[in-house]
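Descriptive structure summary
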Amino acid sequence: GDSVTQMEGPVTLSEEAFLTINCTYTATGYPSLFWYVQYPGEGLQLLLKATKADDKGSNKGFEATYRKETTSFHLEKGSVQVSDSAVYFCALPSAKTSYDKVIFGPGTSLSVIP
Amino acid sequence: DTAVSQTPKYLVTQMGNDKSIKCEQNLGHDTMYWYKQDSKKFLKIMFSYNNKELIINETVPNRFSPKSPDKAHLNLHINSLELGDSAVYFCASSQPGGAGEQYFGPGTRLTVT
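1. Some points on the pattern of salt bridges
All names here are of chain B. Per the stated rule, a full pass over the model turns up eight salt bridges over all chains. For K71, the salt bridge goes to D30, with nearest N and O atoms at 2.8 Å. Within this pair, whereas K71 is found in the loop between β7 (64-70) and β8 (73-78), its partner D30 is found in the loop between β3 (19-25) and β4 (31-37), the two being separated by 41 residues in sequence. Owing to a relative accessible area of 34%, K71 belongs among the partly exposed residues under this scheme. R63 is paired through a salt bridge with E82; the nearest N and O atoms lie 3.5 Å apart. In this pair, R63 sits in the loop between β6 (53-57) and β7 while E82 sits in the loop between β8 and β9 (87-94), placing the two residues 19 residues apart along the sequence. On the basis of relative accessible area, R63 is assigned to the buried category, the value being 14%. Ionic contacts of the salt-bridge type, sharing partners, join the residues R63, E82 and D85 into one network.

This is the structure we're talking about:
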């Protein structure tokens, strides 16, 4: 079945460090891929998405490229800030339910220290 | 304007009680969801409604009963609360077939003592 695997956290970085959060997936077909972010005490919000292979999604300095050959969608940012401290979720819609259900990864907690 | 709102934000109650959480969205979406997030941030889907019709019903105890009076509202009623029900509950909405792009409410933190 469809699934999402993310690197385990927590991840702790110093401000201005480079960030990579790995995400790999198993899916039927070629669904869109998503990254969501959850800031402390808030609900999840869509960070970026890519709809087909080789697409790059980007937002707020974050980027992720849809890699069909490696079934990956790694999240990157060149220089993190304290305000990026949050939990990050990789996600894809499940073809099994006509894409009405989203499979979320387990989340990766990021802490950025000044 | 809040897109997806939930009430209450915090709910503290004793075991055995019955409680409800309400959700409303003003995005004009047809599909709404309930999720449970545990202390390790793992997100589990519970239910989904499309235009008032139940379309996803995961393995959830039947003490949990969703109700959708119209497509802008999805409420969650929980009977006979247990300690293990303590979690953050999120409501979300999306367009049909656009489930990957969901809009979440701020969450309701339920604590059962």
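2. Description of the sheet that holds strand β8 (residues 62-65) of chain A
Residues and elements named next belong to chain A. Across the sheet, which stays open at both edges, the four strands sit in the order β3-β9-β8-β7 with antiparallel pairing between neighbours. Either end of the sheet is taken by a strand with one partner, and the two such strands are β3 (19-21) and β7 (56-59). Each strand of the sheet is rotated relative to its neighbour by a mean of 20 degrees, with strand direction disregarded. Pairing of β7 with β8, which is carried by four bridges, proceeds in the antiparallel orientation. Residue K56 lies in a different strand from β8, and its bridge partner there is T65.

3. A closer look at the interface of chain A and chain B
The interface of chain A with chain B comprises 19 residues on the first partner and 22 residues on the second. Both faces combined, the contact of chain A with chain B buries some 1600 Å², and carbon together with sulfur accounts for 58% of it. One salt bridge connects A:K49 with B:E101, and the closest N-O pair in it is separated by 2.7 Å. Where chain A packs against chain B, one counts four residue pairs in polar contact (both at pLDDT 80 or more). Of all elements in the fold, only β5 (33-38), β6 (45-50), β10 (86-94) and β11 (101-104) of chain A reach the threshold of two or more residues within the side of chain A that touches chain B. Considered class by class, the residues forming the side of chain A that touches chain B number eleven nonpolar, four polar and four charged.

4. Re the state of the cysteines
A covalent bond bridging the sulfur atoms of two cysteines is what the word disulfide describes. Residue and element names in this part refer to chain B. For the coordinates displayed, the defined rule picks out two disulfides over all chains. With its sulfur 1.9 Å from that of its partner, C23 forms a disulfide with C91. Sign of the S-S torsion, about -75 degrees for the bond between C23 and C91, identifies this disulfide as left-handed. Placement of C23 in strand β3 and of C91 in strand β9 is noted, with a sequence separation of 68 residues between them.

5. A look at the packing of aromatic side chains
By the definition in use, this model includes twelve aromatic pairs over all chains. Both rings, one in A:Y25 and one in A:Y66, keep their centres 6.0 Å apart while their planes meet at 85 degrees; by these two values the pair is edge-to-face. Separated by 41 residues along the polypeptide, A:Y25 in strand β4 (residues 23-26) and A:Y66 in the loop between β8 and β9 (75-77) bring together distant segments of the chain. Each member of the pair, A:Y25 as well as A:Y66, carries the same accessibility label: buried. A centroid spacing of 5.7 Å and a plane angle of 85 degrees characterise the contact between A:F104 and B:Y35, whose relative ring orientation is edge-to-face. One end of the pair, A:F104, is in strand β11; the other, B:Y35, is in strand β4, on a second chain. A relative accessible area of 1% places B:Y35 in the buried class. Taken together, the ring pairs in this structure connect A:F34, A:Y36, A:F89, A:F104, B:Y33, B:Y35, B:F90 and B:F104 into an aromatic cluster.

Each value, and the rule that gives it
- Residues numbered from 1 in each chain as written.
- Chains lettered and ligands numbered in written order.
- Predicted model: local features only at pLDDT ≥ 70, side-chain atom pairs only at ≥ 80, totals over all residues.
- Heavy atoms only, no water.
- Salt bridge = Lys/Arg side-chain N within 4 Å of Asp/Glu carboxyl O.
- Helix = DSSP H or I, 4+ residues; strand = E, 2+ residues; numbered from the N terminus.
- Buried < 20%, exposed > 50% of the residue type's maximum accessible area, 1.4 Å probe, protein only.
- Pairing = 2+ DSSP bridges.
- Axes fitted to C-alpha atoms, helices over the stretch in contact; angles between N-to-C directions.
- Contact = heavy atoms within 4.5 Å.
- Buried area = accessible area lost by both parts, 1.4 Å probe.
- Polar contact = N/O pair within 3.5 Å; in protein donor to acceptor, adjacent residues only side chain to side chain.
- Nonpolar A, V, L, I, M, F, W, Y, C, P; charged D, E, K, R; others polar.
- Disulfide = S-S within 2.5 Å.
- Phe/Tyr/Trp six-rings, centres within 6.5 Å; stacked < 30°, edge-to-face > 60°.

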